[in-house]
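Chain residues, written in single-letter form:
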Amino acid sequence: MKPRDRLRIAMQKSGRLTEPALELLNRCGLTFRQSRDKLFCFGEGEPVDLLLVRDDDIPGLIAQGVCDLGIVGRNVLNEYRLTGGLAGPALAEWRPLGFGRCRLSVAVPQELDYRDASQLQGQRIATSYPGLLGEWLRERGVDASVVTLAGSVEIAPRLGTADAICDLVQSGGTLVANQLREADVLLESEAVLAGPQALPSDERGDMIELLLKRLDGVIQVRE
Ligand code: PRT
Ligand code: ZN
């Protein structure tokens, strides 16, 4: 691939992370031209552009070298590391960004008296995170059947297609509405700045270092 002289950051086109990610980049002194319904946003002052995509595609775009960095949930990054990223270069979490906080948790029917993971033995657990759930179960020596669903995971127990679920939880309202309760936390998540393990050795590497410095300043002020 022809080396690029501008830095390219992948971020969510439309979703929970879009506004806070853009606000953070603005606070780092980056402003962008172009409307946000387009794929690209061109950086006005600095040589930094945005690629607006679905969050699930962000780790792959970094691994393929299409983008230099990405702003994505730790849940998505770590799932990619376990399931999608086996062939590509390793990805690193460069900075936690302090927004988009949630937990990836196992939830069980409200009436179940959950004590520990051993109770999930032989159960069907619905999730969109088969990599993270599979690893967590393996570490605990639990043999359960992982049912992978793209969405609406929380309704699987009511439909009778799963006994428990593993999904993102923030307020817990979705679980309550589906007669479920949070039983165990697999991962504390938030938006992170993701990139390759090693920085590019050209101007883009210098630009990334500058961006990291500005990010640290902005994050410090906010804390
Ligand atoms: O279209 P695209 O694929 O880009 O968007 P998406 O629908 O996959 O993602 P989106 O915008 O819903 O979430 C993006 C990221 O925000 C996630 O990957 C998480 O890192 C983070 N995040 C933070 C959350 C939540 N909080 C959250 N509450 N992502 C999803 N939820 C959902 C959860 O799946 C469940 O359905 O909200 C429901 C639970 O919320 P409570 O408050 O009822 O517990
Ligand atoms: Zn998504």
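Since the structure is predicted, the reported quantities are computational estimates derived from the model, not experimental observations.

### Topic: a negative patch on the surface
On the surface, a cluster of negative charge is made up of D5, E203, D206 and E209. Here D5 is to be found in the segment before β1 (7-12).

### A short note on the site of ligand 1
As a matter of local geometry, ligand 1 sits amid 21 residues, with R54, N75, S171, G172 and T174 nearest to it. At 2.6 Å, a side-chain N or O of N75 approaches an oxygen atom of ligand 1. The side chain of T174 places a nitrogen or oxygen atom 2.6 Å from an oxygen atom of ligand 1. Across the complex, the protein chains shield 78% of the 850 Å² of accessible surface that ligand 1 would expose by itself. Elements that contribute at least two residues to the shell around ligand 1 include exactly α3 (74-84), β10 (164-169) and α6 (173-177). Among the elements that make up the shell around ligand 1, the one with the highest residue count is β10 (three residues). Tallied by class, the residues present in the shell around ligand 1 amount to five nonpolar, ten polar and six charged. Inspection of the shell around ligand 1 shows a minimum of three residues originating in each of domain 1 (7-100 + 190-222) and domain 2 (102-189).

### Regarding the coordination of the zinc ion (ligand 2)
Within the protein, the zinc ion (ligand 2) binds to D55 (OD) and D56 (OD); these donor distances fall in the range 2.1 Å. Considering all four donor atoms around the zinc ion (ligand 2), the spread of angles at the metal, 75 to 174°, places the coordination shape in the irregular class.

### Here's the deal with the domain arrangement of the chain
For the chain, the assigned domains are domain 1 (7-100 + 190-222) and domain 2 (102-189). Put simply, the middle of domain 1 and the middle of domain 2, counted by C-alpha atoms, are 29 Å apart. On the side of domain 2, eleven residues touch domain 1, which itself brings ten residues to the contact. For the domain 1 and domain 2 pair, buried surface summed over both sides reaches about 820 Å², with 56% attributable to carbon and sulfur atoms. Looking at the side of domain 1 facing domain 2, the largest losses of area belong to N75, E79 and L82, adding up to 60% of the total buried there. Scanning the region where domain 1 abuts domain 2 turns up zero salt bridges. Taken together, domain 1 and domain 2 are joined by seven residue pairs in polar contact (both at pLDDT 80 or more).

Calculation notes
- For every chain, the first residue of the written sequence is number 1, and numbering continues from 1 along that sequence.
- For naming, the first written chain is A and the first written ligand is 1, with later ones following in the order written.
- For a predicted model such as this one, the threshold for reporting local features is a pLDDT of at least 70, and the threshold for listing and counting side-chain atom pairs is 80 or more; totals across whole chains, interfaces and linings nevertheless cover every residue.
- To get the side-chain values, all heavy atoms of the structure are used, and hydrogens and water are removed first.
- Candidate patch residues must exceed 30% relative accessible area and have no salt bridge, after which like charges are joined if within 9 Å and Val, Leu, Ile, Met, Phe, Trp or Tyr side chains if within 5 Å.
- Calculation of accessible area relied on Shrake-Rupley with a 1.4 Å probe; when residues are assessed, cover is drawn exclusively from the protein chains displayed.
- Criterion for a salt bridge: a side-chain nitrogen of Lys or Arg within 4 Å of a carboxyl oxygen of Asp or Glu.
- Positive charges are assigned to Lys and Arg, negative charges to Asp and Glu, while His and the chain termini are left out of the count.
- Lys charges are placed at NZ, Arg charges at CZ, Asp charges at CG and Glu charges at CD.
- To qualify as a helix, a DSSP run of H or I must reach at least 4 residues; to qualify as a strand, a run of E must reach at least 2; elements of each kind are numbered from the N terminus.
- Whether a residue is near a molecule or strand depends on its heavy atoms: if one lies within 4 Å, it is near.
- Think of a polar contact as two N or O atoms within 3.5 Å of one another; within protein, one of them needs to be a possible hydrogen donor and the other a possible acceptor, and neighboring residues in sequence only count if both atoms come from side chains.
- Here the nonpolar group is Ala, Val, Leu, Ile, Met, Phe, Trp, Tyr, Cys and Pro; Asp, Glu, Lys and Arg are the charged ones; every other residue, Gly included, is treated as polar.
- A domain assignment, automatic or from a database, supplies the domain bounds used here.
- Sodium, potassium and calcium take a 3.2 Å donor cutoff, other metals 2.8 Å, and in both cases only N, O and S atoms count; water is not among them, so sites may look incomplete.
- By the criteria applied here, four donors are tetrahedral when all angles lie between 85 and 135 degrees, four are square planar and six octahedral when opposite donors are over 155 degrees apart and every other angle lies between 65 and 115, and any other arrangement is irregular.
- When checking whether two residues touch, look at their non-hydrogen atoms; a contact exists if any pair is within 4.5 Å.
- As used here, buried area is the combined drop in accessible area, with a 1.4 Å probe, of two parts when they are placed together.

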